[in-house]
Amino acid sequence: MSTVRVRFAPSPTGYLHIGSFRTAFFDWLWARKNNGKFILRIEDTDRSRYVPGAVENILEALKWYGLDFDEGPIFQSERLDLYRKYARKLVEKGGAYHCFCTEERLDQIRKIQEANKLPTGYDGLCRTLAPEDVQRRLTAGEAYVIRQKIPNEGLTSFHDIVRGQVAVANTTLDDTVLLKSDSFPTYHLAHVIDDHEMAITHVIRAEEWLPSTPRHVLLYKAFGWIPPIYAHPALVLGTDRSKLSKRHGATSALEYRELGYLPEAVLNFIVLLGWNPKDDREIFTREELIKEFDLSKLNKAGAIFNIEKLDWLNGQYIKKMPLKDLAEKCKPWLDGNIETYDLEKVVALFHDRMKKLSDIRELSAFLFSRELEYLGDLLIPKGGEKEDTVRGLSLSCDILKSIGENDFVAAATKKVFEEFIKQRALTTKGILWPLRVAVTGLAQSPGVFEVMEVLGKAEAIRRVEMAIGRLK
RNA sequence: GGCCCUAUCGUCUAAUGGUUAGGACAUUGGCUUUUCAAGCCAACAAUCGGGGUUCGAUUCCCCGUGGGGCUACCA
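Residues numbered from 1 in each chain as written. Chains lettered and ligands numbered in written order. Predicted model: local features only at pLDDT ≥ 70, side-chain atom pairs only at ≥ 80, totals over all residues.

## Here's the deal with the overall build of chain A
We count it as follows: Counting from the N terminus, the helices are DSSP H or I runs at least four residues long and the strands are E runs at least two residues long. Our radius of gyration looks at C-alpha atoms and nothing else; its globule reference is 2.2 Å times the residue count to the power 0.38. A pair of residues counts as a contact when their C-beta atoms, built from backbone coordinates, are separated by no more than 7 Å.
Helix and strand counts for chain A stand at 19 helices and 12 strands. Taken over C-alpha atoms, the radius of gyration comes to 32 Å for chain A, far larger than the 23 Å a tight globule of 472 residues would show. In terms of overall dimensions, chain A has a C-alpha envelope of 110 × 50 × 35 Å along the principal axes. The long-range fraction of contacts in chain A, counting pairs at least 24 apart against all pairs at least 6 apart in sequence, stands at 78%.

Following this line, the structure appears as structure tokens:
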């Protein structure tokens, strides 16, 4: 069997869309699984839609997610002669023809078709032009496009790995523009030529391409080439079930980096949108995905991008991450507050409650604040009294002072307080709630002993004393 | 309008011509606990409708209906 060769062929018309990126991931997985080649091709044949920086964005996204390519990037704009050559060849073979119809005429016939509720499409006026006429108008310098000559009858069918056999009546297809009047190729022409020239074995692209695939198959046939194997996975949908777009939330693949997601988590999440190993597993390493991924297990129906599940998955990945790595990854979100305390200890405090790396910022804010802002009443536990709280806090303060600098670690302070509470027959809640609020200023926070360890003895005592002052 | 694709809990999905239709997220409750998370346990929740085929269909076929995509000298 020949080497599997797949390509990812985005257009540089903006940032890389997460949906396109998912397709790229499918491509990449298929290539790696089969020890094949993953090729990056930039389809920049529409000058009007070109966006500066788009190529860089695509490259950076692939890099951040770790999708390495074996060949490319190949730019279609640098291969224009090739497409023109093949277009000419196809005209000679009778599979295509020159069309001189103006855009105005095209608009007009479309309007008439719509008004009469007829299928829209080119009416084939130039298809029957006499060769002499064509020649004459060509030499006269008239603007033209080259159109594919679609057969007037018959069925075009092809096999799709995810959809099975798909067949379309040729009469429902109009004559596709192959070469535009600016002599740039359209997608239809360029990608077929490139896929053939690059010996692409599997074309994996989103479902939106399904309706034009018969045209492509017909083109292969006209050239005398064998079409690749097709796989059209279903679209990624927004919450309203339409194609995922900006109004649904983040659509740029790289935006997930800015939002604090881990590449592995995003990859794991998007692969599950339309694919699964047919068992109960949900979390996969990249290696497992390469091993398990299979085009034939791709789903036919579109899947809604469910950000809540992504958050959960990302949280799972964060929990599994070694503290050292997590600390490093959190740095960008800590606003430079990375010297104040032992960063690994800080991160340990929030390890279990972070869903995104960016969460660390709000979660840890109280640690870096010199003046905690909270109502004094918060210090008083539910059903407790102010006087008892003040007394308890004072006792706690004395205890903290009595603990040696070197013993100021969570396990040790915890033990001291537990014994103290037991001895004095106090309640855990009565002592620990005020203490925790005193050092965090929050109704909800990580455990008080862990927090105090991070803060250090001096700062912990300072905060407790401030709390007492606040109540008095 | 035409063409194409599609249909299992709210969401992502598994399964089989005969199952208590399974898992995960979310939700709710419980346990744990100094609070909140995390964790553990539990609950809630689905085969779009109608016809066939069949002893039996959620599964196979047809027709509806819903949803989506395409319908550019964009990709």
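## Regarding the confidence of the model for chain A
Counted only if it meets this: pLDDT gives the predictor's per-residue confidence on a scale running from 0 to 100.
Summing up the model confidence of chain A, the mean pLDDT is 95 and the portion of residues at 70 or higher is 100%. Predicted complex, confidence summary: ipTM 0.94, pTM 0.94.

## Some details on the protein's contact with RNA strand B
So the rule is basically this: Only the C-beta atom matters for nearness: placed from the backbone, it must lie within 6 Å of the molecule or strand for the residue to count as near. For this classification, the nonpolar set comprises Ala, Val, Leu, Ile, Met, Phe, Trp, Tyr, Cys and Pro, the charged set comprises Asp, Glu, Lys and Arg, and every other residue, Gly included, is treated as polar.
Taken together, 64 residues surround RNA strand B, and among them E43, S181, A303, R353 and G447 come closest. The set of elements that each furnish at least two residues to the surface near RNA strand B consists of helix 4 (103-115), strand 7 (164-169), strand 12 (303-304), helix 11 (307-320), helix 17 (428-440) and helix 18 (448-455). At five residues, helix 17 tops the list of elements feeding residues into the surface near RNA strand B. Counted by class, the surface near RNA strand B contains 23 nonpolar, 19 polar and 22 charged residues.

## Notes on the domain arrangement of chain A
How we decide: As used throughout, domain bounds are those supplied by an automatic or database domain assignment.
Taken as a whole, chain A is organised into domain 1 (5-74 + 189-233), domain 2 (81-179), domain 3 (323-368) and domain 4 (376-471). Placing the centre of domain 3 and that of domain 4 at their C-alpha centroids yields a distance of 23 Å. Listed per partner, the contact involves eight residues of domain 3 and nine residues of domain 4. Elements represented by at least two residues in the side of domain 3 that touches domain 4 include exactly helix 13 (343-350) and helix 14 (359-368). Take the side of domain 3 that touches domain 4: its biggest share by element is four residues, from helix 13. Considering only residue class, the side of domain 3 that touches domain 4 consists of six nonpolar, no polar and two charged.

## A short note on the nonpolar core
In plain terms, the rule: For our purposes the nonpolar core covers buried Ala, Val, Leu, Ile, Met, Phe, Trp, Tyr and Cys residues that link as a set through C-beta atoms within 7 Å. To sort residues by burial, count the other C-beta atoms lying within 10 Å of each one's C-beta; a count of 20 or more means buried, 12 or fewer means exposed, and anything in between means partly exposed. C-beta atoms are built from the backbone.
Counting 92 residues, the largest nonpolar core has F25, V266, V439 and V464 as the members making the most contacts within it. Among residues more than four places away in sequence, those in contact with F25 are L67, L267, I270 and V271. Formed by 18 residues, the second largest nonpolar core is a distinct cluster that contains Y86, A87, A96 and L178.

## Details of the packing of helix 12 (residues 323-330) against helix 13
Inclusion rule: Here, axes are lines fitted to C-alpha atoms. For helices the fit covers the stretch in contact, and angles between N-to-C directions go from 0 to 180 degrees. Throughout, the term roughly parallel applies to angles under 35 degrees, roughly antiparallel to angles over 145, roughly perpendicular to angles from 65 to 115, and oblique to all others.
In contact at an axis separation of 9 Å, helix 12 and helix 13 are set at 95° when each is read in the N-to-C sense. As far as their axial angle goes, helix 13 and helix 12 are roughly perpendicular. Between helix 12, through L323, K324, L326, A327 and C330, and helix 13, the contact on the second element is made entirely by L343, E344, V347 and A348. Of the residues contributing to the contact of helix 12 with helix 13, the split by class is seven nonpolar, no polar and two charged.

## A look at the packing of helix 15 (residues 386-402) against helix 19 (residues 457-471)
Here is the rule: By definition, turning the near helix anticlockwise from the far helix through less than a right angle yields a left-handed crossing, and turning it clockwise yields a right-handed one.
At a minimum axis separation of 10 Å, helix 15 and helix 19 run at an interaxial angle of 160°. Put simply, helix 15 runs roughly antiparallel to helix 19. By crossing handedness, the relation of helix 15 to helix 19 is classed as left-handed. Here K386, T389, V390, L393, S394, S396, C397, L400 and K401 of helix 15 lie close against helix 19, whose contacting residues are K457, A460, I461, V464, E465, A467, I468 and L471.

## Brief notes about the sheet that holds strand 4 (residues 96-99)
The cut-off we apply is this: In this description, strands pair whenever DSSP reports at least two bridges between them.
Strand order in the open sheet formed by three strands is 4-5-8, with antiparallel pairing between adjacent strands. Sheet topology places strand 4 and strand 8 (177-179) at the edges, where each strand pairs with a single neighbour. Sheet twist, expressed as the average angle between the axes of neighbouring strands with direction ignored, equals 45°. Taken together, the four bridges between strand 4 and strand 5 (residues 145-148) define a ladder with antiparallel strand orientation.

## What to know about the environment of L118
Relative to the helices and strands, L118 is located in the loop between helix 4 and helix 5 (131-139). C-alpha of L118 to C-alpha of E255: the two residues are 137 residues apart in sequence and 43 Å apart in space.

## Brief notes about the pairing of strand 2 (residues 37-42)
The condition is simple: Whether a crossover is right-handed comes down to one check: with the strands pointing away from the viewer, does the path from the first strand over the helix to the second run clockwise; if it does, it is right-handed.
Within strand 2, six of the six residues are buried, which leaves it mostly tucked inside the rest of the structure. Alternating residues of strand 2 divide into K37, I39 and R41 and F38, L40 and I42, and every residue in both groups is buried. In this view, the connection linking strand 1 (residues 5-8) to its parallel neighbour strand 2 by way of helix 1 (residues 18-33) has right-handed handedness. Direction of pairing for strand 2 relative to strand 3 (residues 71-75): parallel, over a ladder of three bridges. Bridge pairing links I39 to E71 in strand 3.

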